[in-house]
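Breakdown of the fold
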Amino acid sequence: MRILYFTLLLLLLPIFAFAQTDTTTTKKKFIFSGGMMLHIGYQGGKGCGFLDEAGEEKMLHSLTYGIGGQLRFHLLEHMHIGTEGYVSTMPLNRQGKESNIRTGWGGILCGYYTTFNRLQLMAGGTLGGGAQRSLHVFNPDEQAAYFAAFQDFPQAREGATAASNPQAETPIHSSSFAKKSFFVFDPYMALEYALTQRIHLIFKLDYMIAVHQQHFLTPSGPRLYVGFMFCH
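As the structure is a prediction and not an experimental result, all values here were calculated from the model.

Where burial is concerned, the two faces of strand β8 (residues 209-212) differ: the one with Ala210 and His212 is buried and the one with Ile209 and Val211 is not. In this structure, strand β6 (residues 175-194) lies alongside β8, joined through three bridges in antiparallel fashion. Across the sheet, Phe183 pairs through a bridge with Val211, a residue of β8. The pairing of β8 with strand β9 (residues 215-216) spans two bridges and is classified as antiparallel. If you follow His212 over to β9, its bridge partner there is His215.

Following this line, the structure appears as C-alpha cells:
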C-alpha cells in the first residue's frame, strides 16, 4: 500500500509543475486517451468460504485496494468506448496471517461525458468478466471448526489442505484456496479535470456487480479511483 501511495506522489510532482505553465482548455478534440488509476474501497458480505469457530460463515468487512487502467476511444461528440482492467486485494489479517481475497476483472467500457471548460463529468459502465481468489490461512483455533464443517461447504473444501505432525508440539497451520470466475457489470461515475491540454486528473466511483453461477458474488462494495489520463 505504501509503495502505491509513493508511486502516485512521484507522478504528481512533475505533472503539477507542468500544469502551472499550461492554461489551455479541453476544447481540442482527441482521438483516444488512456492512463492508470489507484483505487481504495470498502467491501463486505458472506459466501466467501470463511467460517467462524462455530462453523458458520463469517460476515466479512474490510478495506480493499488495487491498481489498473483504461484505454478510451472518443466517438461522436460526447461518447467514448474502450477497455479497462483492474486487480483489487481485500486483506483479512484478522482472519489469519496472509489471508486475503483478490479480485481481477476487465471488459469493454462505454460512457457518456459532457465538458465544462476544464471539467468533464461522465457516466458509463463496463461489461466483462474476471476471477476471485480467496486464500484463508488458519489460526490454530480455527482448524478444528473449519474442517468439521467441510461437508456443509463444498466450495470451501476445494483446494483446501491440512496437515499435522503428531511428533511436533504445535500443528502445522492449514490453508484454504478457492477460485471463482464471474461475469461483471460495473457502472461508474467519474469527474475529470484538465491539468494541461493532454494530461487530465480523474476521479471515479464504481460499484461492481458480479455474478457467479447465477448468484451475486460477494464481498461487494464501492471503490474510489484516482489517476491520470493522457490524451492524444
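What follows picks up the thread again.
Attention now moves to the nonpolar core. One finds Trp105 and Phe182 to be the most contacted residues of the largest nonpolar core, which totals 16 residues. Elements supplying a minimum of two residues to this core: β4 (100-116), β6 and β10 (222-231). Considering each element in turn, this core owes the most residues, four residues, to β6. The next biggest cluster of nonpolar side chains, apart from the first, holds six residues, and it includes Phe50, Leu60, Leu92 and Ile101.

All right, on to a nonpolar patch on the surface then. Taken together, the side chains of Ile31, Phe32, Leu71, Phe73, Leu75, Leu76, Met79, Ile81, Ile108 and Tyr112 make up a nonpolar region of the molecular surface, amounting to roughly 960 Å² of accessible area. It is strand β2 (residues 60-75) that contributes the most residues to the nonpolar patch, three residues altogether. Inspection of the secondary structure puts Leu76 in the loop between β2 and β3 (79-91).

Here we take up unusual backbone geometry. In this structure, the amide linkage connecting Thr218 to the following residue, Pro219, adopts the cis form with an omega of 5°. Within the fold, Pro219 resides in the loop between β9 and β10. Although it is not a glycine, Asn117 sits at a positive phi angle of roughly 55°. Locating Asn117 in the fold gives a position in the loop between β4 and β5 (119-137).

Among the structural elements, Gly128 can be located in strand β5. Linking Gly128 and Gly107, residues 21 residues apart in sequence, is a C-alpha distance of 3.9 Å. Those residues within four positions of Gly128 in sequence are excluded, and the remaining contacts are Gly106, Gly107, Phe182, Phe183 and Val184.

Attention shifts here to the confidence of the model for the chain. Atomic detail in the predicted coordinates should be set aside for any region of low pLDDT. On average, residues of the chain score 78 in pLDDT, and 68% of them reach the 70 mark or higher. Looking over the chain, one finds the lowest element-wise mean pLDDT in helix α1 (residues 2-19), namely 44, and the highest in strand β7 (residues 199-207), namely 97. Confidence over residues 1-26 falls short of pLDDT 50; this stretch has 35 contacts with residues more than four positions distant or in other chains. Low confidence marks residues 153-173, where pLDDT is under 50. Its contacts with residues over four positions away, or in another chain, come to 34 contacts.

Rules and cut-offs
Residues numbered from 1 in each chain as written. Predicted model: local features only at pLDDT ≥ 70, side-chain atom pairs only at ≥ 80, totals over all residues. Heavy atoms only, no water. Buried < 20%, exposed > 50% of the residue type's maximum accessible area, 1.4 Å probe, protein only. Helix = DSSP H or I, 4+ residues; strand = E, 2+ residues; numbered from the N terminus. Pairing = 2+ DSSP bridges. Core = buried A, V, L, I, M, F, W, Y, C linked by side-chain atoms within 4.5 Å. Patch = residues over 30% accessible without salt bridge, like charges linked within 9 Å, V, L, I, M, F, W, Y side chains within 5 Å. Areas by Shrake-Rupley, 256 points an atom, 1.4 Å probe, with all protein chains shown as cover. Salt bridge = Lys/Arg side-chain N within 4 Å of Asp/Glu carboxyl O. Contact = heavy atoms within 4.5 Å. pLDDT = per-residue confidence, 0-100.

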